[in-house]
Amino acid sequence: MLKNLATAVLVWWCLSTVQASTLRFVASAATTSADPQFHNVTSNFTALSLIYEELVYIDKNSPTSRLSPRLAESWQQLPGDKVEIHLRKGVTFHDGSDFTANDVIYTLCRMSRVKNSPGSLAYKIDDWQDVTVVDDHKIIVQKPNAAPQFMSWASGFHIISDSAIGGKKIDFNGGSCDGFEYTETVDFDSGKLAIGTGPYKFKSYVKGQSLTVEKNNDYWGSGAGNMPANFDAIDITSIKNKGSRVAALLAGDVDVIEAPSVHDLDRLRNDDSIKVIVNEPTRSIYVMYNVDDSHEKIKGTNGKNPFQDVRVRRALSLAIDRKLLVNRVMGETGIAATNVAPSSFFGIEPNLNAYAYNPDKARALLAESGYPNGFEITFGAPNDRYMNDGKVAQVITQMWSRIGIKVNLESVTKSIFFSNRTKKQYPVWMAGWGKSDFDAMTFVMITTSKNKRAHVKGYLNPTIEALYKKILATADDTQREQYIKQAIAEINRDMPYYAVLYERFPLALRNTIDYAPPAGGENTFLRYFKPAK
């Protein structure tokens, strides 16, 4: 099946008309739509960022907020939890229409109304309580509070054109969107409404198979950040199997592949025509507990939930040899965790190692807690969501067994795992948490009642809750950083969850191609590929 899929991809490329400077990119997952608001998934954001653009983009080298201007030229905080956004002038969509404030309003209004979306982007605009249009290139947004990550969230969605509804004016009006007309996803997929401001224009799309874009000769941008097109066209497709992606690159059939296996990296480097890039980490793989009163998948504890005791939570962390885990399973695609988020994140103490490896102390803590002979648990983990996730879970299971914990590992597909986690079927589980803007604020949020998806089941820490409220209410970054550090110190003391490793996302590409993105993580920023000098 996988072989046939890879063959079909290569045949498609051979039959298509390829221009002289076409970049052939193979993603690890398919582009599920040409509608930028249909599905909140990395593969779509990666591909569609060539056609559509954000108000701002993540830039780890930005001297202030880790953000740089794109369609928003500048922004400033106003009294009363408001932000004034100046939109860039002189920008046109691919159909020749001007970019104005009404395009932003149309984007906001449609985002929460997309039909049959498998993953909505609507949460990214939760803080847009109301919008006042001052003129075509200035808006004032009312926020619910200081909302310090307001503009960071604006880096995560694309602006679409109001020409889809004939440029009809819309009043945001607290989200009621007076004058709004809905447009169907199918019209984006056909190309009819796939109209952006980006450096490339829509050419063709085959659902779940391929997206081809061509150079926008009238692109407004210039320079390293808002880089114009470096190729006449980019062909984007996907091959799910890592080995098949590597084979396609080695055969010279493609130019760039995402996420080759760690076991193939040396093989790729030994080929003089190929180079390997391993990105800076933005995702932590973590272990989290259910601390409800009891759980049917815990045995040998007389009906008690041992994870209500911080000593037990700490014992299981002490049993994990993070360096050995990374060396055995991840190689250079992982870094042994020293805190809940990588040290490059805002709010993380750079020289702190919060996680010791001490199995003897782990056994002593278990005995002190009343479990000298350990107990039995079910450990939930996905086996197809994160890099080598099934293998990582197996190694953690082995390490816990050495301190007397009998572990029944349930390593399942991501759809089953996340469903089971929501239903509280795991007393302890492994998953991932990341943020591309290098801000550790959300690593605090994960433990609070604010997080409805991955919140620690049954856990409520008043200290963390209070600090998180202060974080949300603080616009000043210096003070906000101190609140984040205090909250993370409490997380590391109380250990409702802890990181085991940080993922580093690899790419392999032909040495005729250069790549210098403004940020790391699991996103591939296609506009920053260019022919090597």
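Description of the structure in this document. These numbers come from a predicted model, not from an experiment.

### Describing the overall build of the chain
Logical step 1: Broken down by element type, the chain carries 15 helices and 22 strands.
Logical step 2: Against the compact-globule benchmark of 24 Å for 533 residues, the chain has a radius of gyration of 24 Å, which places it among compact chains.
Logical step 3: With the principal axes as the frame, the chain shows a C-alpha extent of 70 × 60 × 40 Å.
Logical step 4: Here the chain, with 533 residues, has 56% of them falling under the buried criterion.

### Digging into the sheet that holds strand β6 (residues 130-135)
Logical step 1: The strand order across the open sheet built from 4 strands is β4-β5-β7-β6, with neighbouring strands paired in antiparallel fashion. Because the sheet does not close on itself, it has two edges, and the strands there are β4 (72-78) and β6. On average, each strand axis in the sheet is inclined to that of its neighbour by 20°, with strand direction left out of account.
Logical step 2: Pairing of β4 with strand β5 (residues 82-87), which is carried by 6 bridges, proceeds in the antiparallel orientation. Residue pairing for β5: Ala72 is matched across the bridge by Leu87.

### Observations concerning the state of the cysteines
Logical step 1: Within this structure, the stated rule accounts for 1 disulfide.
Logical step 2: Through a disulfide, Cys109 is tied to Cys177; the S-S separation comes to 2.0 Å. Since a negative S-S torsion denotes a left-handed disulfide, the Cys109-Cys177 link at about -90° is left-handed. With Cys109 in helix α3 (residues 101-111) and Cys177 in the loop between α4 (150-153) and α5 (185-189), the pair connects residues that are 68 residues apart, well separated along the chain. With respect to burial, Cys109 and Cys177 carry one shared label: buried.

### Side note on the packing of helix α14 (residues 462-472) against helix α15 (residues 477-494)
Logical step 1: Contact geometry for α14 and α15: axes closest at 9 Å, N-to-C directions at 160°. Considering the angle they form, α14 stands roughly antiparallel to α15. In this structure, α14 crosses over α15, and the sense of that crossing is left-handed. Together, Thr463, Ile464, Leu467, Lys470 and Ile471 of α14 and Arg480, Tyr483, Ile484, Gln486, Ala487, Glu490 and Ile491 of α15 make up the contact between the two elements.

### Overview of the pattern of salt bridges
Logical step 1: Here the structure, examined in full by the defined rule, presents 25 salt bridges.
Logical step 2: Lys115 is paired through a salt bridge with Glu184; the nearest N and O atoms lie 3.3 Å apart. Of this pair, Lys115 sits in the loop between α3 and β6 while Glu184 sits in the loop between α4 and α5, placing them 69 residues apart in sequence.
Logical step 3: Overall, Lys115 belongs to the partly exposed group, its relative accessible area being 43%.
Logical step 4: The closest approach of N and O atoms between Asp264 and Arg267, which form a salt bridge, is 3.5 Å.
Logical step 5: Asp264 gets classed as buried once you look at its relative accessible area, which sits at 15%.

### What to know about the sheet that holds strand β12 (residues 274-278)
Logical step 1: With mixed pairing, 7 strands are arranged side by side in an open sheet as β8-β9-β10-β1-β11-β20-β12. Because the sheet does not close on itself, it has two edges, and the strands there are β8 (200-206) and β12. The average undirected angle you get between the axes of adjacent strands in this sheet is 20°.
Logical step 2: Relative to strand β10 (residues 233-238), strand β1 (residues 22-27) is paired through 6 bridges, and the arrangement is parallel. For Ala27, the partnering residue across the bridge sits in β10 and is Ser238.

### Quick notes on the nonpolar core
Logical step 1: Counting 153 residues, the largest nonpolar core has Trp128 and Trp400 as its most contacted members.
Logical step 2: Here this core takes 7 residues from α3, the largest share from any one element.
Logical step 3: Leave out the neighbours within four places in its chain, and Trp400 touches Val287, Leu316, Ala319, Ile320, Ile377, Phe379, Ile405, Val407, Val428 and Tyr498.

### A few points about the packing of helix α8 (residues 310-318) against α15
Helix-helix packing is characterised by the crossing angle of the two axes and by the distance between the axes.
Logical step 1: For the pair α8 and α15, interaxial distance at closest approach is 8 Å and the crossing angle is 90°. In this view, α8 runs roughly perpendicular relative to α15, as classed from their interaxial angle. Packed against α8, whose contacting residues are Val310, Arg313 and Arg314, the element α15 presents Asn492, Arg493 and Asp494 at the interface.
Logical step 2: In terms of residue class, the contact of α8 with α15 is made up of 1 nonpolar, 1 polar and 4 charged.

### Focus: the pairing of β6
Logical step 1: The sheet contact formed by β6 and strand β7 (residues 138-142) spans 5 bridges and is antiparallel. If you follow Val131 over to β7, its bridge partner there is Val141.
Logical step 2: Linking two consecutive strands that pair antiparallel, namely β6 and β7, is a turn of 2 residues.

### Some points on α15
Logical step 1: Compared with an ideal rise of 1.5 Å per residue, which puts 18 residues at 26 Å, α15 spans 25 Å between its outermost C-alpha atoms and is within 8% of the ideal.
Logical step 2: Phi turns positive, to about 50°, at Met495, one or two residues after α15.

### What to know about the packing of aromatic side chains
Logical step 1: Under the criterion given, the structure shown has 20 aromatic pairs.
Logical step 2: Between Phe345 and Phe443, the ring centres sit 5.7 Å apart and the planes meet at 85°, which makes this aromatic pair edge-to-face. Highlighted residues: Phe345 in the loop between β15 (334-336) and α10 (359-368) and Phe443 in helix α13 (residues 441-445), separated in sequence by 98 residues.
Logical step 3: Ring pairing ties together the aromatic residues Tyr289, Phe307, Tyr355, Tyr371, Phe375 and Tyr498, which thus form one cluster.
Logical step 4: For Arg113, the ring lying beneath its charged end belongs to Phe180, and the centroid distance is 5.3 Å.
Logical step 5: Against the face of Tyr355 rests Arg322, its NZ or CZ located 4.2 Å from the ring centre.

### Details of unusual backbone geometry
Logical step 1: Positive phi, normally seen in glycine, also occurs at Asp81, with a value near 55°.
Logical step 2: Take Asp81: it is sitting in the loop between β4 and β5.
Logical step 3: Phi angles above zero are rare outside glycine, and Phe438 is one such case at about 60°.
Logical step 4: As for its position among the elements, Phe438 is in the loop between β18 (428-434) and α13.

Definitions and limits used
- Residues numbered from 1 in each chain as written.
- Predicted model: local features only at pLDDT ≥ 70, side-chain atom pairs only at ≥ 80, totals over all residues.
- Heavy atoms only, no water.
- Helix = DSSP H or I, 4+ residues; strand = E, 2+ residues; numbered from the N terminus.
- Rg over C-alpha atoms; globule rule 2.2 N^0.38 Å.
- Buried < 20%, exposed > 50% of the residue type's maximum accessible area, 1.4 Å probe, protein only.
- Pairing = 2+ DSSP bridges.
- Axes fitted to C-alpha atoms, helices over the stretch in contact; angles between N-to-C directions.
- Disulfide = S-S within 2.5 Å.
- Parallel < 35°, antiparallel > 145°, perpendicular 65-115°, else oblique.
- Left-handed = near helix turned anticlockwise from the far one by under 90°.
- Contact = heavy atoms within 4.5 Å.
- Salt bridge = Lys/Arg side-chain N within 4 Å of Asp/Glu carboxyl O.
- Core = buried A, V, L, I, M, F, W, Y, C linked by side-chain atoms within 4.5 Å.
- Nonpolar A, V, L, I, M, F, W, Y, C, P; charged D, E, K, R; others polar.
- Expected span 1.5 Å × (residues − 1).
- Phe/Tyr/Trp six-rings, centres within 6.5 Å; stacked < 30°, edge-to-face > 60°.
- Lys NZ or Arg CZ within 6 Å of the ring centre and 35° of its normal.

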